[in-house]
Amino acid sequence: MDLEKTLSRQEMLSISKPARYIGREWNISLKKKEDVEISVALAFPDLYEIGMSHLGLKILYYILNSLPGVRAERAFAPWPDMGKMMKEKNIPLYSLENKIPLRNFDAVGISLQHELNYTNVLYLLDLAGIPLRSEERGEEFPLILGGGPCAFNPEPVSPFFDVFLLGEGEEAIVEIVEILRVMKGEKRSDVLSELAKIEGCYVPLLYSVSYHPDGKIKNISPSRVVRKRWVKNLDGAPYPQKIIVPYLNIVHDRIPLEIARGCTRGCRFCQAGMIYRPHRERSPEKVIELAEKLVKSTGYEEVSLLSLSSTDYSAIEYLVRDLSFRLKESKVNVSLPSLRMDAFSVEVAQSLQEVRRSGLTFAPEAGSERLRRVINKGLTDEDIFQTVEKTFSSGWREVKLYFMIGLPGEREEDIRDIANLVKEILGRGKKKGVHLGISAFIPKSHTPFQWTKQEEIKSLEEKMAILHSLLRPLGRRVRYNWSDFEVNLVEGALSRGDRRISSVIERVYRKGGVMDNWREFFSLRRWQEGFEEEGLDLNFYTHRERDREEIFPWEHLSPGVSKDFLWKEYQLSQEEKITPPCQEGKNCYNCGVC
Amino acid sequence: MDKFRYRVKHQKIAPFHFISQLDLSRLWSRAFRRAGLPVAYSQGFNPRPLLSFGPALPLGVESRAEYWDVFLYQELSPEEILMILNREVLSELKAEEANILPLSFPSISRSMKGVRYSYYFSQSIEEKAGLSPDMGIEEEKREVVGELFVVLFLFKEEKILYSPAKWAEILRKEWGESPVRIVKEEVLW
């Protein structure tokens, strides 16, 4: 397809940021048709600037295109102005590299990073001219594969996919593509049963779910549990030596360099902390080697050292010092996106040559020591004050602090303690500022809080009102923003939802729901109507405490962490007891992963 | 440290007419780093390459004559600069010419004496009357290229920096035709 011949200059100029749709970026892979046996489209159900910032996409793109005979190309959800134009002009969703319609690929892999992207999954399929449901797709259509954190409870979107991969894709994607290659031209159902044999692959069509009259799940059969894939040795895992350099300013416009995977902390609200276990590190030597190669191949001006908690990396001081030194001459900065809240982390941040001393970000998550014990964020008030003092005395003008409200066991005094913390911080840093990011807690699958009820909007608003009354008098040194509780409500329903919700998602999409994670497009009414029309109760999924015995929609899908371990953690949270970080050989709580 | 100033001319051909001036400046800074070009950086906390552009090209306008000035801390021959830059950008952005300039030479905008633009139309404009040249925009030539009708305009004097996109609007009002393509052909110095 030739975009320039299909859309005129005027038409392209009438849509926002036409550069999203042209491709031609540096380091893209353009394979010749005659060299291609299997083609995979990597489709991201969000805007170009979001999808292009995602590390997983870069890793899979690199691995697939390194395989002889395999072509991987990218596609993103177009902004609604372009989506509308494509529908009017009959332009099917195409890949950015060779401008090939998605329906002509052998497989389309869709990354599921966020529940609010679910309507965009349908948007992608619809624009591509691919039937939405697996059972409606004939032999001529590509297989639709899903992965990413939402694949640990993909039930709400399961009828739209053929296969999900649970966990890390580096090894499994090669096995999947090999089966596609060997079985090319064979019956779809045969290919699916073969794919289901790969460890970590979940074919939802092969499972059936029955329900009790009260709506709870009665049975999921067969009982075979799909266990996630994870890479044992990060140094041995493939990592891109070059990544695509976009022209547009994307959300994370820098080299992402993953230094560790998994987290040892065991915060009870955190799904990432559970599903990405165990903690593994890439060696400093490997990180440095990759950083130098990536700077050379991309020309990027910044390397970001990624992990769930960068300062937990065992050689972080050495790595930061050495890397900053090596990259100094080419004027490349090193940055750390996730700092643990302690003085050591501030020291490490201080040693970065990056001199934007505007603010440093931490996540205390809860206002009181008691509530932080409940969620297993074992920080004392004094830890927080010392870190903030150190931050201010090192020259930063502001701290940004993330808090959640609506946590299990939260009381009014915990909310007041958020404001008390802020007051104390303002007293310790004259002329310094505090920026608060407040979001509503959403219980997620595979966490100790998967049994708990999500807080109602009304009660969250009451808590916000208390915060307003306490924070506003503190004046201009305190800035704060908070999440959209209506969006959080829908996210909650989808994240612990079951298969029946798929019809709701389809209804919402048919009513015009796309880009639901963008406030300007989100509409709670659309979702409420969708639930109503399907005879389902949104509150059943969100505002309900589950029993120990309840069968979850994700019961047959395992990140390795056992239900017993999660339940024990849930009990400990109610006793306000902490579980120290796990350490190989020392503190093992038998979570079941290793 | 010694500095050497170069003026580089490059193309910006479709589809790169859809990337903005800011995108372009990032693109070249990254190409410099990949190329290992000895670019001088600004002093201070947030060093940036000493790179300056001429007037920004509006989105949707192509060019065969874009320019930027860069300061290097090592002297390189113009041929060398072109060779290493063109390894780091696609052909639609090809660097065509590099010249060494005195450090105090006037900026690109101030050195320009005129700019030529081609306007491509899909319908014949043969019957359309010429527009009055007193605005500093002069119609120089009409020709047929393949299936398209092309008019060449020279922007000069106070209209040197006039937006070619705005001129397309005026042509649309006068002639009832929108150009399918606008190309900046040449800068007169």
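Heads up: the structure comes first, above all this text.
Small disclaimer: the values here were computed from a predicted structure and weren't measured.

Asks: Explanation requested: the overall build of chain B in the structure shown.
Replies: Along its length, chain B carries four helices and eight strands. Along chain B, from the amino end to the carboxyl end, the secondary structure elements read β-α-β-β-α-β-α-β-β-β-α-β. Along the first, second and third principal axes, the C-alpha atoms of chain B reach 60 × 30 × 30 Å. Within chain B, buried positions represent 51% of all 189 residues. In chain B, of all internal contacts separated by at least 6 residues, the share reaching a separation of at least 24 is 76%. By element, 50% of the accessible surface of chain B is carried by carbon and sulfur atoms, the whole surface being about 9100 Å². Charge centroids of chain B, computed over 26 positive and 27 negative side chains, lie 7 Å from each other.

Asks: Explanation requested: the packing of aromatic side chains in the structure shown.
Replies: Any pair of aromatic rings gets described here by the distance separating the centres and the angle formed by the planes. One pass over the structure, following the stated rule, counts 27 aromatic pairs over all chains. Ring plane angle 55° and centroid distance 4.6 Å describe the contact between tyrosine 117 of chain B and phenylalanine 155 of chain B, whose orientation is recorded as tilted. On the criterion of sequence distance, the pair formed by tyrosine 117 of chain B in strand β5 (residues 114–121) and phenylalanine 155 of chain B in strand β7 (residues 148–156) is long-range, its members being 38 residues apart. Residue class for phenylalanine 155 of chain B comes out buried when judged on its relative accessible area of 0%. Between lysine 232 of chain A and the ring centre of tryptophan 230 of chain A, over which it is positioned, the NZ or CZ distance is 4.2 Å. Lying across the ring of phenylalanine 540 of chain A, arginine 544 of chain A places its NZ or CZ 4.1 Å from the centre.

Asks: In this structure, what is going on with the pairing of β5 of chain B? I would like to understand it.
Replies: Walk down a regular strand and you will see the side chains alternate between the two sheet faces. The buried count for β5 of chain B comes to eight of eight residues, which makes it a mostly enclosed element. Residues Gly114, Arg116, Ser118 and Tyr120 of chain B line one face of β5 of chain B and the alternating positions Val115, Tyr117, Tyr119 and Phe121 of chain B line the opposite face, and both faces are buried.

Asks: Is there a simple way to think about the side chain of serine 297 of chain A in this case?
Replies: Along the chain, serine 297 of chain A falls in helix α10 (residues 284–298). Taking the relative accessible area as the measure of exposure, serine 297 of chain A reaches 17% and is therefore buried. Here the side chain of serine 297 of chain A touches glutamine 241 of chain A through a polar contact of 3.0 Å, landing on its backbone oxygen. Contacts of serine 297 of chain A, omitting those with residues within four sequence positions, involve Trp26, Asn27, Gln241, Lys242 and Ile243 of chain A together with Arg34 of chain B.

Cut-offs used in this document
Residues take numbers from 1 onward in each chain, read along the sequence in its written order. The naming scheme follows written order: chains are lettered A onward, ligands numbered 1 onward. Predicted model: local features are reported for residues with pLDDT of at least 70 only, side-chain atom pairs are reported and counted for 80 or more only, and whole-chain, interface and lining totals are derived from all residues. Side-chain measures were taken over the full set of non-hydrogen atoms in the model, leaving aside hydrogen atoms and water. By the criteria applied, helices consist of DSSP H or I runs no shorter than four residues and strands consist of E runs no shorter than two, each listed in order from the N terminus. The cut-offs for exposure are 20% and 50% of the maximum accessible area for each residue type, with area from a 1.4 Å probe on protein chains only; residues under the lower value are buried, those over the upper are exposed, and the others partly exposed. In this analysis, two residues are considered to be in contact whenever any of their non-hydrogen atoms come within 4.5 Å of each other. Every accessible area reported is derived by Shrake-Rupley at a probe size of 1.4 Å, with residue values counting cover from the shown protein chains alone. Lys and Arg are tallied as positive, Asp and Glu as negative. Neither His nor the chain termini are counted. To locate a charge, take NZ of a lysine, CZ of an arginine, CG of an aspartate or CD of a glutamate. Any Phe, Tyr or Trp ring, taking Trp's six-membered ring, that has another such ring centre within 6.5 Å forms a pair; planes under 30 degrees apart are called stacked, those over 60 apart edge-to-face, and the others tilted. Whether a charge sits over a ring comes down to the Lys NZ or Arg CZ being within 6 Å of the ring centre and within 35 degrees of the ring normal. Polar contact criterion, stated in full: a pair of N or O atoms within 3.5 Å, where within protein one must be able to donate a hydrogen and the other to accept it, and residues adjacent in sequence count only if both atoms are side-chain atoms.

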